[in-house]
Amino acid sequence: MKILVVNSGSSSLKYQLFDMKTETRLAKGLVERIGCGGPKDHAAALAQVVADLGDAAKDIDAIGHRILHGGEVFTDSALMTKANMAKAKKLVKFGPLHMPANLGGVEACERIFKGVPNVGVFDTAFHIATMPDCAGMYAIDPKYYKKYGIRKYGFHGTSHKFITQAAAKFLKKPVAKVNLVTCHLGNGSSLAAIRNGGVVDTTMGLTPLAGLVMGTRCGDIDAAAVLSIMETEKKSPAEMDTLLNKKSGLLALTGSSDCRDICAMAARGEKKAELALEMLAYRTALYIGAYNTVVGGADAIIMTGGIGENSGEVRERIVKRLAALGIKLDKKANKVRGEVKVISAKGSKIPVVVIPTNEELMIARDTVRVLGNRKV
Ligand code: ADP
């Protein structure tokens, strides 16, 4: 079975082609500069994909699409029928930048790959499927939830799901019995608390702004601090959105959003870089401790994403703060980059394991599963 995975973004379209019999990648590519996001632009990008794939484009069985937001409607990946497209279009308000591009990609595929089924894989679905209200609701007047859907949704769900399945396999436990804290640390970062294979809490919220200190996002902040800056500097909501999402986090603290630069600055003794790394490590460790409690004791703590998979330095700074959980680092094992490895020392109460994520493969797997469930 051949599955095309499409990540249609506002300025680029990324794709991967998988042979799902062996779960091997047959092709991978990127089409840049789609333009202003209209459907015509996505069709042009996909025409480029078809040209790049050549003969391989001919016998694609299904297409899996990464879609940012599934609201509370999509608690699992879904076949993008007319009815489901209509439901997804109602969720554009939750991702005005990404959703039109994501859904434009689906529509373009319907035209270019005639008769080939399209499956939507939502970044929020893994969280929203099982997250209890005590974690998912905000303590504001419930009318805002009822009227506008203001609540926690969570993101990176596809990555957390992949990691959950991979960790269960690694730990030789059924997915439905595994308790984990999964840490996706990249440019955008989030943690998920996994109890019995499902999410019970996650650090991102209504949008990906909440939670950890990220490349350009501030993560958790007192909402009154936001109001205070808006009021004092007379900033509009749009300006404040840019400030918090694009000009905060590691970038604001150090001048770079790239963790490698910041580690190099810290090694040179630059205090602001040292502080930024400690802020990142502190908040991550704080949530790991909290989520370990929430899941009733984790079977393992998993690190993934660009930083989690590659940065021994950041991992060390995080794990150092977990001594109260009986966790100790194996410094030699912690040199690992981009492969599955236990980085905690023998005798650690909870193992810490690096597991590379593969969101595209997860999308392809879900696409196969959804099609298998389809009533013909
Ligand atoms: P995205 O969230 O955009 O998918 P990634 O998961 O690719 O991002 O993560 C990007 C981050 O990973 C960057 O901050 C980058 O510096 C960091 N990173 C990648 N490789 C290394 C490394 N060897 N050491 C430290 N950080 C790394």
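Okay, so let's go over this structure. These figures come from a predicted structure and were not determined experimentally.

All right, on to the overall build of the protein chain then. On a plain count of helices and strands, the protein chain comes out with 15 helices and 12 strands. A compact globule built from 376 residues would reach a C-alpha radius of gyration of about 21 Å, and the protein chain, at 21 Å, matches this within 12%. Along the first, second and third principal axes, the C-alpha set of the protein chain runs to 55 × 55 × 45 Å. Here the protein chain holds 376 residues, and the buried ones make up 51% of them. Considering only contacts in the protein chain between residues 6 or more positions apart, those separated by 24 or more positions represent 64%. Accessible surface, the protein chain as shown: approximately 17700 Å² in total, 55% of it carbon and sulfur. In the protein chain, which carries 53 positive and 36 negative side-chain charges, the distance between the mean positions of the two groups comes to 3 Å.

Our focus in this paragraph is the site of the ligand. Near the ligand you find 13 residues, and of these Asn187, Asp258, Cys259, Arg260 and Gly306 are the closest. The side chain of aspartate 258 places a nitrogen or oxygen atom 2.4 Å from an oxygen atom of the ligand. Here arginine 337 contributes a side-chain N or O atom positioned 3.5 Å from a nitrogen atom of the ligand. If the ligand stood free it would expose 580 Å²; the protein chains cover 69% of that surface. For the shell around the ligand, the secondary structure elements donating two or more residues are helix 11 (259-267) and helix 13 (305-310). The element contributing the most residues to the shell around the ligand is helix 13, with 4 residues. Classifying every residue of the shell around the ligand gives 2 nonpolar, 8 polar and 3 charged.

Running from N to C, helix 8 (residues 223-233) and helix 9 (residues 237-246) point in directions that differ by 125°, and their axes come no closer than 11 Å. If you check the angle between helix 8 and helix 9, you find them oblique. In the crossing of helix 8 with helix 9, the sense of the turn from one axis to the other is right-handed. Taking contact as the criterion, the partners of Val226, Ile229 and Met230 in helix 8 are, on helix 9, Pro237, Met240, Leu243 and Leu244. Residues belonging to the contact of helix 8 with helix 9 are distributed by class as follows: 7 nonpolar, no polar and no charged.

This brings us to the pattern of salt bridges. Counted by the stated rule, this structure contains 20 salt bridges. A salt bridge links lysine 2 to aspartate 59; the shortest N-O distance between them is 2.6 Å. With lysine 2 in strand 1 (residues 2-8) and aspartate 59 in the loop between helix 1 (39-53) and strand 4 (62-67), this residue pair connects regions lying 57 residues apart in the sequence. Several salt bridges share partner residues, and in doing so they unite Glu274, Glu278, Glu313, Arg317 and Arg321 into one network.

This part covers the sheet that holds strand 2 (residues 12-19). The mixed open sheet is built from 6 strands, whose spatial order is 3-2-1-4-6-5. Edge positions in the open sheet fall to strand 3 (24-32) and strand 5 (78-79), since each of these has one partner strand only. Where strand 4 and strand 6 (residues 118-122) come together, 5 bridges link them in parallel fashion. Residue pairing in the sheet places glycine 64 in a bridge with valine 119 of strand 6.

What follows deals with the nonpolar core. Of all hydrophobic cores here, the largest spans 39 residues; its most connected members are Leu191, Ile301 and Ile318. Taken together, the elements giving at least two residues each to this core come down to strand 7 (180-185), strand 8 (189-195), helix 11, helix 12 (271-294), strand 10 (300-304), helix 14 (312-319) and strand 12 (352-354). In terms of residue count, the dominant contributor to this core is helix 12 (9 residues). Counting 27 residues, the second-largest nonpolar core is a separate cluster that includes Val119, Ala300, Met362 and Ala364.

Turning to the pairing of strand 3, a few remarks are in order. Where strand 2 and strand 3 come together, 8 bridges link them in antiparallel fashion. Across the sheet, glutamine 16 pairs through a bridge with lysine 28, a residue of strand 3.

Across all of its chains, the model carries 0 disulfides by this definition. We note that cysteine 183 lacks a disulfide partner, and the nearest cysteine sulfur, in cysteine 259, lies 14 Å from it. Cysteine 183 gets classed as buried once you look at its relative accessible area, which sits at 1%. Cysteine 259 takes part in no disulfide bond, and the closest cysteine sulfur to it belongs to cysteine 263, at a distance of 4.3 Å.

Locating valine 200 in the fold gives a position in strand 9 (residues 198-202). The exposure class assigned to valine 200 is buried, which follows from its relative accessible area of 17%. Apart from the residues within four sequence positions on either side, valine 200 is in contact with Met131, Pro132, Ala135, Ala193, Arg195, Val294 and Val295.

Before going further, it helps to spend a moment on helix 15 (residues 359-372). When the terminal C-alpha atoms of helix 15 are compared, their 20 Å separation across 14 residues agrees well with the 20 Å that a helix rising 1.5 Å per residue should span. Among the residues making up helix 15, those that are buried are Glu359, Leu361, Met362, Ile363, Ala364, Asp366, Thr367, Val370 and Leu371.

The next point concerns unusual backbone geometry. One non-glycine residue, histidine 156, adopts positive backbone phi at about 60°. If you trace the backbone, histidine 156 turns up in the loop between helix 6 (143-148) and helix 7 (157-171). Positioned with a positive phi, lysine 172 is a non-glycine residue whose angle comes to about 55°. In this fold, lysine 172 is placed in the loop between helix 7 and strand 7.

Rules behind the numbers
- Numbering of residues begins from 1 in every chain and follows the order in which that chain's sequence is written.
- Reporting of local features is limited, given that this is a predicted model, to residues whose pLDDT is at least 70; pairs of side-chain atoms are given and counted only at 80 or more, and all residues count toward the totals for whole chains, interfaces and linings.
- To get the side-chain values, take all heavy atoms of the structure and skip hydrogens and water.
- Helical segments are the DSSP runs of H or I of at least four residues, strand segments are the runs of E of at least two, and each set is numbered from the N terminus.
- For this measure, only C-alpha atoms enter the radius of gyration; the expected value for a globule follows 2.2 Å times N^0.38, where N is the number of residues.
- Buried, partly exposed and exposed residues are distinguished by accessible area as a fraction of the type maximum, computed with a 1.4 Å probe on protein chains only: under 20%, between the cut-offs, and over 50%, respectively.
- In what follows, a contact means two residues having at least one pair of non-hydrogen atoms within 4.5 Å.
- Calculation of accessible area relied on Shrake-Rupley with a 1.4 Å probe; when residues are assessed, cover is drawn exclusively from the protein chains displayed.
- Counted as positive: Lys and Arg. Counted as negative: Asp and Glu. His and the chain ends are not counted at all.
- Lysine's charge is taken at NZ, arginine's at CZ, aspartate's at CG and glutamate's at CD.
- Nearness of a residue to a molecule or strand requires only that one of the residue's heavy atoms be within 4 Å of it.
- Under the rule applied, a polar contact is a pair of N or O atoms within 3.5 Å (in protein, one hydrogen donor and one hydrogen acceptor; residues adjacent in sequence only if both atoms are side-chain atoms).
- Under this grouping Gly is polar, as are all residues other than the nonpolar Ala, Val, Leu, Ile, Met, Phe, Trp, Tyr, Cys and Pro and the charged Asp, Glu, Lys and Arg.
- Comment: axis = line fitted to C-alpha atoms, over the contacting stretch for helices; angle = value between 0 and 180 degrees taken between N-to-C directions.
- Each angle is binned into one of four classes, with values under 35 degrees roughly parallel, values over 145 roughly antiparallel, values of 65 to 115 roughly perpendicular, and all other values oblique.
- Should the near helix be turned anticlockwise from the far one by less than a right angle, the crossing is termed left-handed; should it be turned clockwise, right-handed.
- Between Lys or Arg on one side and Asp or Glu on the other, a salt bridge is scored when a side-chain nitrogen of the former is within 4 Å of a carboxyl oxygen of the latter.
- Should DSSP find at least two bridges between two strands, the strands are taken to pair.
- Joining through side-chain atoms within 4.5 Å is the link that ties buried Ala, Val, Leu, Ile, Met, Phe, Trp, Tyr and Cys residues into a set, and such a set is a nonpolar core.
- For the purposes of this analysis, a disulfide is any pair of cysteine sulfur atoms at a distance within 2.5 Å.
- Here the expected span of a helix is defined as 1.5 Å times the quantity of residues minus one.

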